[in-house]
Amino acid sequence: MRAVNQQVADEALTWGWMHWVGLASWPEIIAWADGWIMQLEQWPNELTEISLYARARDADMSQALRDLSRAGRPEEAAKLLVGRMLARLDAGDNPHELIYRLCQLSQTKFERPYVFLPDNLSDAIYALELHSESIDPEYGWLKRDAATDTLWLRQEAYRILSGLI
């Protein structure tokens, strides 16, 4: 049970980070909580708070997510975050948008429970931001075809993020 609670805490930290920068919606977080409730015989009360009270989008849901994430390990949560970003790249999400959101996350000064990202993830995000700026259609210094540039950025993002897990 302790290992499951740790996994829930790690995932809660990931969802908190993602929601903070607009990469996750409340319905996605509710579905995550509901999934855990369906799997477990006993679960943390915070999952019930998220599942039931979030439908009203009240402060209890936000607090429950923060409370769950307090025991989250940033290194493990970062791996989960990278996995979600790779899945989004595979699904065809715009790499410029993902990098922008990740960059916001790496620059945010969090207090517990939403702690700093591990250094290796922040470094990877900054490298991707540099790549993204280099091919920016309006201001970038590499003037090429936008579709080719986006494909290249997607491949670079995938390569760099894959190296973290």
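Scroll up to find the structure.
To start, this report covers the structure provided alongside it. Here, residues in each chain are numbered from 1, in the same order as that chain's written sequence. Per-residue local features are limited, in this predicted model, to residues with pLDDT of at least 70; the limit for side-chain atom pairs, both in listing and counting, is 80 or more; totals at the level of whole chains, interfaces and linings are taken over all residues. Side-chain metrics in this entry use all non-hydrogen atoms of the structure; hydrogen atoms and water are not considered.

## Some remarks on the overall build of the chain
Then comes step 1: For the purposes of this entry, the term helix denotes a DSSP run of H or I that reaches at least four residues, the term strand denotes a run of E that reaches at least two, and both are numbered from the N terminus. Looking only at helices and strands, one finds eight helices and zero strands in the chain.
Then comes step 2: Of the regular secondary structure in the chain, the N- to C-terminal order runs α-α-α-α-α-α-α-α.
Then comes step 3: Taking all 165 residues of the chain together, the buried fraction comes to 42%.
Then comes step 4: In this description, contact between two residues means that some pair of their heavy atoms is separated by no more than 4.5 Å. The contacts of the chain with a sequence gap of at least 6 include a subset with a gap of at least 24, amounting to 65%.
Then comes step 5: As displayed, the chain has an accessible area near 9,000 Å², and 53% of this comes from carbon and sulfur atoms. For the exposure calls, accessible area comes from a 1.4 Å probe over protein chains only, and a residue counts as buried if that area is under 20% of its type's maximum, exposed if over 50%, partly exposed in between. Methods summary: accessible areas were calculated by the Shrake-Rupley approach with a probe of 1.4 Å, and residue burial reflects only the protein chains presented.

## Regarding the nonpolar core
Then comes step 1: If you look at the biggest cluster of nonpolar residues, it comprises 42 residues, and the most contacted ones within it are Trp 32, Ile 50 and Leu 81.
Then comes step 2: In terms of residue count, helix α5 (residues 74–90) provides more of this core than any other element does, seven residues in total.
Then comes step 3: Non-local contacts of Ile 50, meaning those with residues more than four positions away in its chain, are made with Ile 29, Ile 30, Trp 32, Ala 33, Met 61, Ala 64, Leu 65 and Leu 68. Buried residues of nine kinds, namely Ala, Val, Leu, Ile, Met, Phe, Trp, Tyr and Cys, make up a nonpolar core once their side-chain atoms join them within 4.5 Å.

## Points about the side chain of Ser 51
Then comes step 1: Here Ser 51 lies in helix α3 (residues 45–53).
Then comes step 2: Within polar-contact distance, the side chain of Ser 51 engages the side chain of Asp 34 at 2.3 Å.
Then comes step 3: Setting aside its immediate chain neighbours within four residues, Ser 51 contacts Ile 30, Ala 33, Asp 34 and Ile 37. In protein, a polar contact requires one atom able to donate a hydrogen and another able to accept it; more generally it is a pair of N or O atoms within 3.5 Å, and residues adjacent in sequence count only if both atoms are side-chain atoms.

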